[in-house]
Amino acid sequence: DQFTSVRHKLPMLSLDNAFGGEDIEAFQERNANKLGLSILTFCCEPKLDGVAMSLLYEDGVLVRAATRGDGTMGEDITHNARTMATVPLRLQGGDYPATLEVRGEVVIPRNAFKRMNDKQAGLGESVFQNPRNAAAGSLRQLDPRITATRPLVFMAYSVGLVEGGSLPGSHSETLSYLSHIGFKTSKLTEVVEGWQAAEAVVDRILKKREQIEVDIDGVVIKVNDFEQQSLLGFVARAPRWAIARKFPAEEEVTTLLGVDFQVGRTGAITPVARLQPVFVGGVTVSNATLHNADEITRLDVRIGDQVIVRRAGDVIPQIVKALGDRRASELPGVAFPDICPDCSATLTRDLDEAAIRCDNSL
Ligand code: IVH
């Protein structure tokens, strides 16, 4: 309740989901039939796993930034958006509508997220569950100086309100235009003919998922032509002309079987969770990091718990949450050792550090 509410003049919609090629085929068939065509041109782009943001420009100047909220009412986060290097305060180029709303996703690249979490853990502070939660929390700061320290990136994916001027006639040309006036857009966007070609883009992007610097949870397939989009319109809260082809989940639930303690190169002791093997993000995961003693306390995780495991890209799998409410009975906690599991020296902890170390005194 500390943020001012903002009404979106055009609602920020959600997307229907598709889980396989057959759903994309049905999506094409529905839309092609409505338009009296046999094949459609699609713009395919990564579905970024972040937080939606709307940026309103008047005469090329940023006047308001808002979260999506429930799609109709969002929150005013202008003070925070202004701190982001990827949010132009003034549009480039000089050729833009008098009122232009740019929409996109705020993300945190995985490398930057890892650095940010390592820093938090090193300071003994709680770590963020995933880049999306970190982005959401960073945008909802009352003090923009905190937001300014977070590695947030805005990637534009569409326009909302346009008044006093016009834009190109298709989605892909609009993305090029957005890039031209100063926004970051996805380089993986492809324009294709027909659903099979769209599904081939999905395969290509899925194969590259690990190398892509930000978390993506699918591919958004959009009818490219704006005139066709407006003929197709909306049902309930989602457009008929776009669909989210989802990837396999990067978070799954499994059981914590035990915890081992590993001695790192610097002597820091890292707790490693042994898990009931689970297929997540495209591979089978049986170990996950628990970072440090504070993280074990924060998660309040017990041996035998159901836990949410997250694996994104090449980042070491992590336990993001213990499902304590699923515990049928009391379960044993995780006891941090007093002595080094390798050399039996007494472990030490510096007052200002989260890490517990073996100083190799033996
Ligand atoms: S288009 C009406 N394009 O997905 C069209 N959305 O499930 C809706 N999202 O809240 C937006 N990447 O924040 C679009 N390339 C992309 C996207 C994208 C991520 C998010 C968006 C929206 C949610 C809808």
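Data block above holds the structure.
All values derive from a computational prediction rather than experimental measurement. The numbers attached to residues start from 1 for each chain and follow its sequence in the written order. The predicted nature of this model means local features are confined to residues of pLDDT at least 70 and side-chain atom pairs, given and counted, to a pLDDT of 80 or more, with totals for whole chains, interfaces and linings taken over all residues. For the side-chain quantities, the full set of heavy atoms in the structure was used; hydrogens and water were omitted.

A look at the overall build of the protein chain
Move 1: Here a strand is any run of E in DSSP of at least two residues, a helix any run of H or I of at least four, and the numbering for each starts at the N terminus. For the protein chain, the count of helices and strands is nine helices and 20 strands.
Move 2: Dimensions of the protein chain along its principal axes, counting C-alpha atoms only, are 75 × 45 × 35 Å.
Move 3: Three labels apply to residues, based on accessible area from a 1.4 Å probe with only protein chains included: buried if under 20% of the type maximum, exposed if over 50%, partly exposed otherwise in between. Evaluated residue by residue, the protein chain yields a buried proportion of 50% over its 362 residues.
Move 4: Exposure was quantified through the Shrake-Rupley algorithm and a 1.4 Å probe, taking into account, for residues, occlusion by the shown protein chains and nothing else. Accessible surface for the protein chain amounts to roughly 17300 Å². Of this, 49% is attributable to carbon and sulfur atoms.
Move 5: Put simply, the protein chain has 40 plus and 48 minus side-chain charges, and the middle of one group is 1 Å from the middle of the other. The convention is simple: Lys and Arg are positive, Asp and Glu are negative, and His and the chain ends are not counted. Charge placement uses NZ in Lys and CZ in Arg. For Asp and Glu, CG and CD serve respectively.

Description of the pattern of salt bridges
Move 1: For this document, the term salt bridge refers to a Lys or Arg side-chain nitrogen within 4 Å of an Asp or Glu carboxyl oxygen. Considering all chains together, one arrives at 22 salt bridges under this definition.
Move 2: Put simply, Asp143 and Arg145 hold a salt bridge, and the shortest N to O gap is 3.1 Å.
Move 3: With relative accessibility at 24%, the residue Asp143 sits in the partly exposed group.
Move 4: The residue Arg357 makes a salt bridge to Glu353 at a minimum N-O spacing of 2.7 Å.
Move 5: One network of salt bridges, in which partners are shared, links Arg110, Asp215, Glu251 and Arg310.

Re the packing of aromatic side chains
Move 1: Note on aromatic contacts: the rings of Phe and Tyr and the six-membered ring of Trp form a pair at centre separations within 6.5 Å, being stacked when their planes are under 30 degrees apart, edge-to-face when over 60 apart, and tilted otherwise. If you walk through the whole model with that rule in mind, you get five aromatic pairs.
Move 2: Aromatic side chains Tyr57 and Phe183 sit 5.8 Å apart centroid to centroid with 80° between the ring planes, which places their arrangement in the edge-to-face category. Taken together, the residues span a long stretch of sequence, with Tyr57 in strand E4 (residues 51–58) and Phe183 in the loop between helix H6 (171–180) and strand E9 (190–193) at a distance of 126 residues. Like Phe183, Tyr57 is buried.
Move 3: Ring centres of Phe154 and Phe183 lie 6.1 Å apart, and the angle between their planes is 70°; on these two criteria the pair is classed as edge-to-face. Note that Phe154 is positioned in strand E8 (residues 153–163) and Phe183 in the loop between H6 and E9, a separation of 29 residues in sequence. The same class applies to Phe154 as to Phe183, namely buried.
Move 4: An aromatic cluster is defined as three or more aromatic residues linked by ring pairs; in this entry it consists of Tyr57, Phe154 and Phe183.

Brief notes about helix H3 (residues 110–122)
Move 1: Each helix should span, by expectation, one fewer than its residue count multiplied by 1.5 Å. Along its 13 residues, H3 runs 18 Å from first to last C-alpha, staying within 8% of the 18 Å computed at 1.5 Å per residue.
Move 2: Arg110, Ala112, Phe113, Met116, Asn117, Gln120 and Ala121 are the residues of H3 that are buried.
Move 3: The criterion used for residue contact is that any of the two residues' heavy atoms lie within 4.5 Å. Along its buried surface, H3 packs onto helix H4 (131–139) and strand E18 (318–322).
Move 4: Looking at the residues trailing H3, positive phi occurs at Gly124, about 75°.

Structural notes on the site of the ligand
Move 1: In this text, near means that some heavy atom of the residue lies within 4 Å of the molecule or strand in question. By nearness alone, 14 residues border the ligand, and Glu45, Leu48, Glu105, Tyr157 and Lys222 come closest of all.
Move 2: Two N or O atoms count as a polar contact when they lie within 3.5 Å, although within protein this holds only if one can serve as hydrogen donor and the other as acceptor, and sequence-adjacent residues are included solely when both atoms are side-chain atoms. Within the side chain of Glu45, one N or O atom sits 2.9 Å away from a nitrogen atom of the ligand.
Move 3: At 2.5 Å from an oxygen atom of the ligand is found a side-chain nitrogen or oxygen belonging to Glu105.
Move 4: About the coverage of the ligand: the protein hides 88% of its 520 Å² of free accessible area.
Move 5: For the shell around the ligand, the elements supplying multiple residues, two or more each, are strand E3 (41–48) and strand E10 (216–223).
Move 6: When residues in the shell around the ligand are grouped by element, the largest group, four residues, is from E3.

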